[in-house]
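Notes for the structure review
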Amino acid sequence: MVELKIIWNKNKYDLKIPVDNTGAKLKESIHSLTGLPPAMQKVMYKGLLPEDKTLRDIKITNGAKIMVVGSTINDVLAVSTPKEVMQQEVKAEENKKEPLCRQKQHRKVLDKGKPDDIMPAIKGTKERLPTVPLSGMFNKSGGKVRLTFKLEQDQLWIGTKERTEKVPMGSIKNVVSEPIEGHEGYHMMAFQLGPTEASQYWVYWVPAQFVDAIKDTVLGKWQYF
């Protein structure tokens, strides 16, 4: 027999165990003492204790101190539950945030009103991308913008009076949209062209029926033939 000092979680336990028991057997004994399941134990004696060798093999002597690291199932649950609650609270807080269409930077454009030559909106329906460019919309400087989806080249062409930017769809990191209050048949939509939200290209008055098709096409969820 060998007498050991088990140290776990700032607690010390005395344990008497046959010297020919393996590391795995020692873990079972530690489980009886502490309630810590063997699978959740890291047992240290001059490094990590091997489970398949006996205490005699690894030359554990009388009075040796054995360090144990690990958390019980209850400890794990106690830690994870508040975290989940916190995440829910953060989500709820985010939901309380001001809608995008009320934010000052967007109001500047939306207050100009709906463009005269905008495509008709059909609320509550989902349609495939039109074969013609989506036109008549505004960008964040209030200029007219049109979107052309060049599927065969895997590009989105963002066209203004001054220029047409040919953007590879694979380089667009994200697409976000939100209905415009009071005009729910239309959305405001942002294409994130770089790594951060600062690189979002905003388009206003996108007909709602094309929103899902735009997102799925740009982000590569569906292929349109």
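Okay, so let's go over this structure. (Residues numbered from 1 in each chain as written. Predicted model: local features only at pLDDT ≥ 70, side-chain atom pairs only at ≥ 80, totals over all residues. Heavy atoms only, no water.)

**Some words on the overall build of the protein chain**
Scanning the protein chain for helices and strands turns up four helices and 11 strands. Residue burial in the protein chain is summarised as follows: out of 225 residues, 38% are buried. Within the protein chain, residue pairs in contact and separated by at least 24 positions form 48% of the contacts whose partners lie at least 6 positions apart. Working note: accessible area of the protein chain is about 14000 Å², and carbon and sulfur atoms make up 52% of it. (Helix = DSSP H or I, 4+ residues; strand = E, 2+ residues; numbered from the N terminus. Buried < 20%, exposed > 50% of the residue type's maximum accessible area, 1.4 Å probe, protein only. Contact = heavy atoms within 4.5 Å. Areas by Shrake-Rupley, 256 points an atom, 1.4 Å probe, with all protein chains shown as cover.)

**Re the sheet that holds strand β5 (residues 134-139)**
Pairing between the strands of a sheet comes from backbone hydrogen bonds, and it takes one of two forms, parallel or antiparallel. Read from one edge of the open sheet, seven strands run β8-β7-β6-β5-β11-β10-β9, paired in antiparallel fashion. With partners counted over all chains shown, the strands left at the sheet margins are β8 (164-168) and β9 (174-180), one partner each. Here the strands of the sheet are splayed against their neighbours by 30° on average, with no regard to which way each runs. Bridge count for β9 against strand β10 (residues 183-192) is seven bridges, and the pairing is antiparallel. Each bridged residue has a counterpart across the sheet, and for P179 the counterpart in β10 is H187. (Pairing = 2+ DSSP bridges. Axes fitted to C-alpha atoms, helices over the stretch in contact; angles between N-to-C directions.)

**Brief notes about the environment of K123**
Relative to the helices and strands, K123 is located in the loop between α3 (104-110) and β5. Between the C-alpha atom of K123 and that of G185, which follows or precedes it by 62 residues, the distance is 4.6 Å. Here K123 is in contact with E184 and G185, once residues within four sequence places are set aside.

**A word on the sheet that holds strand β1 (residues 2-8)**
Ordered in space as β2-β1-β4-β3, the four strands form an open sheet in which the pairing is mixed. Unpaired on one side and paired on the other, β2 (11-17) and β3 (42-44) mark the two borders of the sheet. Strand-to-strand twist of the sheet, defined as the mean angle between neighbouring strand axes without regard to direction, takes the value 30°. Relative to strand β4 (residues 64-69), β3 is paired through three bridges, and the arrangement is antiparallel. Paired with M44 across the two strands is M67, which belongs to β4.

**Observations regarding the packing of aromatic side chains**
Describing an aromatic ring pair means giving the distance of the ring centres and the angle of the ring planes. Tallied over the entire structure, the rule returns two aromatic pairs. Ring geometry for Y186 and W205: centres 5.7 Å apart, planes at 70°, overall edge-to-face. Placement of Y186 in strand β10 and of W205 in strand β11 (residues 200-207) is noted, with a sequence separation of 19 residues between them. By relative accessible area, which is 1% here, W205 ends up buried. With a centroid separation of 6.3 Å and an interplanar angle of 25°, the aromatic rings of W202 and Y204 are classed as stacked. (Phe/Tyr/Trp six-rings, centres within 6.5 Å; stacked < 30°, edge-to-face > 60°.)

**Examining the nonpolar core**
One finds L147, F149, F191 and I214 to be the most contacted residues of the largest nonpolar core, which totals 35 residues. Among the elements of the structure, α3, β5, β6 (144-150), β7 (155-159), β9, β10, β11 and α4 (211-218) are those that each provide at least two residues to this core. Sort the elements by how many residues they give to this core and β11 lands first, with six residues. Excluding its chain neighbours within four sequence positions, the residues that come into contact with L147 are P133, L134, M137, L156, W157, I158, F191 and V203. With 20 residues, the next largest nonpolar core counts V2, L4, W8 and Y13 among its residues. (Core = buried A, V, L, I, M, F, W, Y, C linked by side-chain atoms within 4.5 Å.)

**A look at the side chain of Q200**
In this structure, Q200 sits in strand β11. Relative accessible area serves as the criterion here: at 14%, Q200 is assigned to the buried category.

**Some words on helix α1 (residues 23-34)**
The end-to-end C-alpha separation of α1 is 16 Å, in line with the 16 Å expected for 12 residues at 1.5 Å each. For α1, the full list of buried residues reads G23, L26, K27, I30 and T34. Looking straight down α1, one finds that the buried residues subtend no more than 100° of arc, so they occupy a single side. Among the structural elements, β1, β2, β3 and β4 are those in contact with the buried residues of α1. (Expected span 1.5 Å × (residues − 1). Arc of directions from axis to C-beta.)

**A look at the side chain of E178**
With respect to the helices and strands, the residue E178 is situated in strand β9. E178 sits in the buried class, given a relative accessible area of 18%. For E178, the contacting residues outside a window of four places in its chain are P99, L100, C101, H187 and M188.

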